[in-house]
Amino acid sequence: MKNPDAIVIGAGVVGACSALALTNAGLKVLVIDRGPVASGTTGAGEGNILVSDKEPGAELTLAMRSRDAWFELDTDIGGGFELEAKGGIVVSRSEKGISNLKRLATLQKSSGVETIELDRNGLQKIEPYLSADVEYGVLYPKDAQCQPMLAAAQIMRAVKKRGGVFVQGENVIKVNSNHNSVTGISTDKNSYISPIVINATGTWAGEIAKMANSYLPIMPRRGFILVTSPAPKLIHHKVYDADYVANVASGQADLQSSAVVEGTASGTILIGASRERVGFNGELDVAILRQLARQAISLFPILSNVQLLRAYRGFRPYAPDHLPVIGEDALISGLWHAAGHEGAGIGLAPATGELITSQITGQSPFMDPSPFSPKRFQGSEYVAV
Amino acid sequence: MHNVVIVGAGPAGLSAAIAAAAAGAPVLLIDSNPRMGGQYWRMAADSLENQIDQHYDLETGLLLINAVKARKEIEVWSNAQIWSATHKDGVNTLRIIHQDNEKIVNTKNLIICTGAYDRTLPFPGWDTPGVMTPGAVQSLLKGHAVLAGKRIVVAGSGPFLLPVATGVLKAGGEIVELIEANKPIRWLKSFAAMLENLHKINEGYYYLKTISTGKVRPRFGYAVVRAYKADNDELDSVDIAKIDRNFNIRKIKNIKCDVAAIGWGFTADTSLAGSLGCKQIVAEDDGVVIWADDKQQTSVTGIFVAGEITGIGGSELSMAEGVIAGISAAKFVGCKVEIKKAHIKRRAKKQRFATALIRAYPIKSGWKSWLTGESIICRCEEVDLNDLKHAITELGATDSRTAKLFTRCGMGLCQGRICGRSVVDLVADNLEISPTDIDRIAAVNRPIITPIPLGVLAAGE
Amino acid sequence: MSQSEIEFTYNDQKITAVAGQSVGAALLAVNIRSLRLSRFNQNKRGIFCGIGVCFDCLVVINGVANQRACIIEAKNGMNVQTQVGSNA
Ligand SMILES: Cc1cc2nc3c(=O)[nH]c(=O)nc-3n(C[C@H](O)[C@H](O)[C@H](O)COP(=O)(O)OP(=O)(O)OC[C@H]3O[C@@H](n4cnc5c(N)ncnc54)[C@H](O)[C@@H]3O)c2cc1C
Ligand SMILES: Cc1cc2nc3c(=O)[nH]c(=O)nc-3n(C[C@H](O)[C@H](O)[C@H](O)COP(=O)(O)OP(=O)(O)OC[C@H]3O[C@@H](n4cnc5c(N)ncnc54)[C@H](O)[C@@H]3O)c2cc1C
Ligand code: FES
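Thresholds, definitions, all that
- Residues numbered from 1 in each chain as written.
- Chains lettered and ligands numbered in written order.
- Predicted model: local features only at pLDDT ≥ 70, side-chain atom pairs only at ≥ 80, totals over all residues.
- Heavy atoms only, no water.
- Phe/Tyr/Trp six-rings, centres within 6.5 Å; stacked < 30°, edge-to-face > 60°.
- Helix = DSSP H or I, 4+ residues; strand = E, 2+ residues; numbered from the N terminus.
- Buried < 20%, exposed > 50% of the residue type's maximum accessible area, 1.4 Å probe, protein only.
- Lys NZ or Arg CZ within 6 Å of the ring centre and 35° of its normal.
- 1 Å grid on protein atoms, 1.4 Å probe; cavity = no way out; pocket = protein on both sides within 12 Å on 5 of 7 lines; lining within 4 Å.
- Points joined across faces, edges and corners; volume = space filled by probe spheres on them.
- Nonpolar A, V, L, I, M, F, W, Y, C, P; charged D, E, K, R; others polar.
- Domains from an automatic or database assignment.
- Near = heavy atom within 4 Å.
- Polar contact = N/O pair within 3.5 Å; in protein donor to acceptor, adjacent residues only side chain to side chain.
- Contact = heavy atoms within 4.5 Å.
- Buried area = accessible area lost by both parts, 1.4 Å probe.
- Salt bridge = Lys/Arg side-chain N within 4 Å of Asp/Glu carboxyl O.
- Pairing = 2+ DSSP bridges.
- Axes fitted to C-alpha atoms, helices over the stretch in contact; angles between N-to-C directions.
- Parallel < 35°, antiparallel > 145°, perpendicular 65-115°, else oblique.
- Left-handed = near helix turned anticlockwise from the far one by under 90°.
- UniProt positions renumbered as here; feature names shortened; annotations may be inferred.
- Patch = residues over 30% accessible without salt bridge, like charges linked within 9 Å, V, L, I, M, F, W, Y side chains within 5 Å.
- Areas by Shrake-Rupley, 256 points an atom, 1.4 Å probe, with all protein chains shown as cover.

The final tally for this structure, using the stated rule, is eleven aromatic pairs over all chains. Consider the rings of W264 of chain B and W370 of chain B, whose centres lie 5.9 Å apart with planes at 45°: the pair is tilted. Residue W264 of chain B is found in strand β16 (residues 259–264), and its partner W370 of chain B is found in the loop between α9 (341–360) and β21 (376–378); the two are separated by 106 residues along the sequence. Judged by its relative accessible area of 5%, W370 of chain B falls in the buried class. By way of ring pairs, the aromatic residues Y56, Y206 and Y207 of chain B are connected into one cluster. Note that R34 of chain A overlies the ring of W204 of chain A, its terminal NZ or CZ placed 4.9 Å from the centroid.

Here we take up empty space enclosed by the protein. Scanning the entire structure with this criterion turns up seven cavities of 30 Å³ or more. Roughly 130 Å³ of internal volume is contained in the largest cavity. The wall of the largest cavity is formed by 15 residues, among which T267, V288, R421, R440 and V444 of chain B lie closest to the centre. Those elements giving two or more residues to the lining of the largest cavity turn out to be β17 (266–268) and α12 (420–431) of chain B. Grouping the amino acids of the lining of the largest cavity by side-chain chemistry returns five nonpolar, five polar and five charged. When residues of the lining of the largest cavity are assigned to domains, at least three map to each of domain 1 (2–115 + 265–338) and domain 3 (370–442) of chain B. Space inside the second largest cavity adds up to approximately 100 Å³. Taken together, 13 residues line the second largest cavity, and the ones lying closest to its centre are P230 of chain A, L413 of chain B together with R36, R39 and L58 of chain C. Its residues assigned to classes, the lining of the second largest cavity comprises five nonpolar, five polar and three charged.

Once that is clear, we can look at the site of ligand 2. Residues in close proximity to ligand 2 total 33 residues, the closest being A12, D31, S32, Q138 and E308 of chain B. Lying at an intersection of chains, ligand 2 is approached by residues of chains B and C. In this structure, Y40 of chain B approaches ligand 2 through a main-chain N or O atom, which is 3.3 Å from an oxygen atom. Of all the secondary-structure elements, those providing two or more residues to the shell around ligand 2 are α1 (11–22), β4 (80–88), β8 (116–118), α3 (134–144) and α8 (314–332) of chain B. Per-class residue counts for the shell around ligand 2 are 14 nonpolar, 15 polar and four charged. Mapped onto the domain boundaries, the shell around ligand 2 takes at least three residues apiece from domain 1 (2–115 + 265–338) and domain 2 (120–262) of chain B.

Turning our eyes to something else, we now look at the interface of chain B and chain A. Every contact between the two is made by 34 residues of chain B and, on the other side, 32 residues of chain A. Contact between chain B and chain A buries roughly 2800 Å² in total, counting both sides, with carbon and sulfur atoms accounting for 62%. Remark: the boundary between chain B and chain A carries two salt bridges. A salt bridge links R290 of chain A to E102 of chain B, with the nearest nitrogen and oxygen atoms 2.8 Å apart. At the boundary of chain B with chain A, the tally comes to twelve residue pairs in polar contact (both at pLDDT 80 or more). Every element with two or more residues in the side of chain B that touches chain A is listed here: β4, β6 (101–107), α11 (400–407), β23 (452–453) and α14 (454–459) of chain B. Looking at which element gives the most residues to the side of chain B that touches chain A, the answer is α14 of chain B, with five residues. Taken together, the residues that form the side of chain B that touches chain A break down as 16 nonpolar, ten polar and eight charged. Sheet topology places strand β17 (residues 307–318) of chain A next to β23 of chain B; two bridges connect them, and they run antiparallel. Considered in β23 of chain B, the bridge of Q307 of chain A is made with P453 of chain B.

A few words now on the sheet that holds strand β20 (residues 303–305) of chain B. Residue and element names in this part refer to chain B. As summarised here, the arrangement of the five strands in space is β3-β2-β1-β7-β20, forming an open sheet in which the pairing is parallel. Each having just a single partner strand, β3 (74–77) and β20 make up the two edges of the open sheet. The average angle at which neighbouring strand axes cross in this sheet is 20°, direction not considered. Sheet topology places strand β2 (residues 27–30) next to β3; four bridges connect them, and they run parallel.

With that settled, the discussion passes to the domain arrangement of chain A. Residue and element names in this part refer to chain A. Along its sequence, chain A is organised into domain 1 (6–74 + 148–218 + 321–377) and domain 2 (88–141 + 219–318). One C-alpha centre belongs to domain 1, the other to domain 2; they are set 27 Å apart. With 25 residues of domain 1 at the contact, the number on the domain 2 side is 36 residues. Summed over both sides, the interface of domain 1 with domain 2 buries roughly 2400 Å², with 60% coming from carbon and sulfur. For domain 1, the biggest contributors to the area lost against domain 2 are E46, S52 and E342; these three give 26% of the whole. Our count for the contact surface shared by domain 1 and domain 2 stands at one salt bridge. With its nearest N and O atoms 2.6 Å apart, the salt bridge here joins R221 to E342. Across the side of domain 1 that touches domain 2, the residue classes break down as nine nonpolar, eleven polar and five charged.

Bringing the packing of helix α1 (residues 13–24) of chain A against helix α2 (residues 58–77) of chain A into the picture now. Residue and element names in this part refer to chain A. Running from N to C, α1 and α2 cross one another at 65°; their axes reach a closest spacing of 13 Å. Looking at the two axes, α1 sits roughly perpendicular to α2. By crossing handedness, the relation of α1 to α2 is classed as left-handed. For the pair α1 and α2, contact is made by V13, C17, L20 and N24 and by W70, L73, D76 and I77, respectively. Its residues placed into classes, the contact of α1 with α2 shows six nonpolar, one polar and one charged.

Our focus in this paragraph is the UniProt feature "transmembrane region" (unreviewed entry) in chain C. The positions that UniProt labels "transmembrane region" (unreviewed entry) are, in the present scheme, residues 15–35 of chain C. Across residues 15–35 of chain C, helical content stands at 33% and strand content at 19%; the span's end C-alpha atoms are separated by 14 Å.

Let us look at the site of ligand 1. Residue and element names in this part refer to chain A. Near ligand 1 you find 37 residues, and of these D33, T42, N48, E342 and G347 are the closest. For ligand 1, an oxygen atom lies 3.3 Å from a polar atom in the backbone of V13. For ligand 1, an oxygen atom lies 3.0 Å from a polar atom in the backbone of G345. Looking at the shell around ligand 1, the elements with two or more residues in it are α1, β13 (219–228), β17 and α9 (345–361). Tallying contributions element by element places β17 first for the shell around ligand 1, with four residues. Residues that form the shell around ligand 1 fall into these classes: 13 nonpolar, 18 polar and six charged. Counting contributing residues per domain, the shell around ligand 1 is built from domain 1 (6–74 + 148–218 + 321–377) and domain 2 (88–141 + 219–318), each supplying no fewer than three.

Residues and elements named next belong to chain B. A cluster of nonpolar side chains, I185, L188, F191, L195, L198 and I201, forms an exposed patch at the surface whose accessible area comes to about 590 Å². Of all the elements in the fold, those that place two or more residues in the nonpolar patch are α5 (191–195) and α6 (198–213). Within the secondary structure, I201 sits in helix α6. With relative accessibility at 34%, the residue I201 sits in the partly exposed group.

Right under this line is the structure:
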């Protein structure tokens, strides 16, 4: 492709959704990835599309739009990625946990999230194998799920059908600019010219920012997921303990986990995910697998006979304030970031694509994008570091 | 505290255990089977008595097994399956399922002899009950005294087909066809290796004699290329094709049978050694094996390997390597012992024969032409060739890992042990590229070596 | 029933086997070759590798699914069932 209107670096779910939104807006888009589609964190993600785990605020607004956008996208490109509105159930077994959960659910409800409170009977009716000692939970009918690798692949397929170009196997090594305006990029094999470059490299977004002589504090947060052998349909929703919500918002480095348990279209059960900050250390840590197994069994005792088949891990891209970075770089014009979605990149991808596209094309965005702006990290105090 | 831990009680592991114990090292020998002997000397339970007829060289096996039992320095854990292993700061942690409980063994000195299993190639109908591996037919006989069926076709490639056919005849079964895809003439290329291993020719002669007494005439240059189901959805018949040198089909005829035992040599099970970080390489037959130096030590100090996981070479090479690995490991823990010249010479001789074998029985790329779009490739997840092609042409997979994640091909309970090797070849073929060593090695990466109940996992610490 | 004989049930049918035989071998000995129905296409499957590698011989034993018939020793009184999909 000669002279693309925009170059997207990264063919994970965020890059794919950004490329699709830009293409749908009429831009000629070139996507570049050093590997195949979904070869980064997207290939290690679990596929939860959650509204239930977000506190009211900008991220929840983004998540609510994104959830609906997933279903619109499904229709638009013809599906093929196991999207399912299965609903999420958040439970708690401690007094403090229950009162926190009630408070959160009430706040979420006033922000327009659908919530249904359930007691033990209500829970047993819709999740018959849930441990009988669970007495309180909230059902979030809008929580959904997809298979993230297939999603990214199907979206890239649509991008290509609609005129976009996907170059894979090229490593971006430089973001070129002139007087602090982007002019294009160089890979280990070629150079490409474009006035707009979108950095959708997830956990590696800081490196791309650096190549452009800018700065972005995106770091890895490791997570393990357990995959079981195929089982009959034992679990109907995605079910997790309210502690999970506390983990998501936590900044602590040491291991945290709270099992999110759910069945998949292929019959396997996913149990995820741990969260810890150990850099890019990919070693299998059996202690984490055991902890996740214990938590899953405590929610669903029947799982103790189901076998662990695989465990995989990935590195969530996270920013210090746990919000994604979506917007134009404060130092280099024409460089846009769509990265740092931490443990919610699958869920938030379509709305991220919309938000970045409306800003680039000058249309009015569906929400105020300023809370996500990279500017928040690009004041002098950060750049000096 | 055991000085040397050995995994696998086949020809390699037994030899290693005896060598290490003889040198003065206490040994813990771990094996997942209920009885020692590995694949070659698969033993039946006492109540069934050993199926002596089914063995060519049971004497050696019993000698080794009894020697292991007699040595008090050797402790044996049978029915003990390692499900996970990790290496950290020189210590190997083995996590073992033993009678529904988990045991943990930490050791600095490990000999891994986990052997191999039959290599299979997918073809239309290969998931029909009645189609099985030659190893299955043999283990049913050796281990359980059961004949797999009434009318048996033995096919594929490699010398292993001969003992399997022999075993069936000895047990009173009927061999309808014994067919080998390669021509015997290929052996002439390795004349020297044959001459120095004449007793192997004797073994072959013994099998061929039994086979001809059973009025079976082996065919060369043929292959089973399709299996058909009867009304009860079990095996009814197979198509046998005359094939050319590249395994492309020339002429087909249909043969009725209730068992088709088809194997294409062996695939090493490197999962355990791979989990511990031992360097894996691609052998001449494109199979992934563990690299070892002349002392049988892997790229990880203190971990030694022997037997089929260093390259497919048969029981004698396995034993020769096992002895050296046992000595090396004993020396590593401080025993005063040296590898002798004779050990090295024996291993070299067996290695030359093994190399000759691999060259005499190549698997040629034409097998892919036997498949149709609807042929199942991954038996566990029921992924067919069309699904794989879709992942490549429509979803943009450009390597076997991505194709696997898109289709679930190789992600079922066997963890790609059965289809993984073929999938790498099929994906590359559809992309019109050659598979890389990285592709092949990625396909055997199994950090969870065998599935483990979550309850057992949760109970561990 | 001789000393070394044992008895178990397969889908409520009585099966006699020699002690030490695997469930799969004992069933094959009485010409039962199909042990499960596959998850997606409901195809019959039976013993394939015979040594515990392929997981194609799955049966339900005493209520627990995904048991490999080829390596599990048949025991007196076992209740063995065809595995349908991921479980009966
Ligand atoms: C265990 C785990 C469970 C998770 N579960 C969920 C979940 O249930 N729901 C949810 O919403 N999220 C989940 N996530 C988070 C989610 O996976 C991520 O937020 C999301 O995948 C990020 O997508 P991305 O497109 O930004 O990044 P990636 O998918 O990592 O894509 C970035 C791409 O950029 C490419 N790239 C990087 N550098 C370069 C370069 N220099 N040149 C060329 N290409 C480059 C990479 O190859 C990669 O393909 C989970 C994450 C983990 C680890
Ligand atoms: C079914 C079958 C039949 C064969 N029959 C013959 C024959 O008749 N003649 C012939 O020349 N060759 C035969 N072979 C080839 C055979 O593999 C070798 O000749 C020889 O047995 C190899 O010896 P080994 O010690 O390397 O491994 P093996 O004999 O394969 O022994 C490996 C041992 O390691 C154990 N093991 C593996 N992984 C684990 C784990 N994670 N935890 C615990 N234990 C583990 C296995 O249970 C096994 O007992 C056969 C192979 C197979 C698969
Ligand atoms: S037949 Fe392969 S595992 Fe039982």
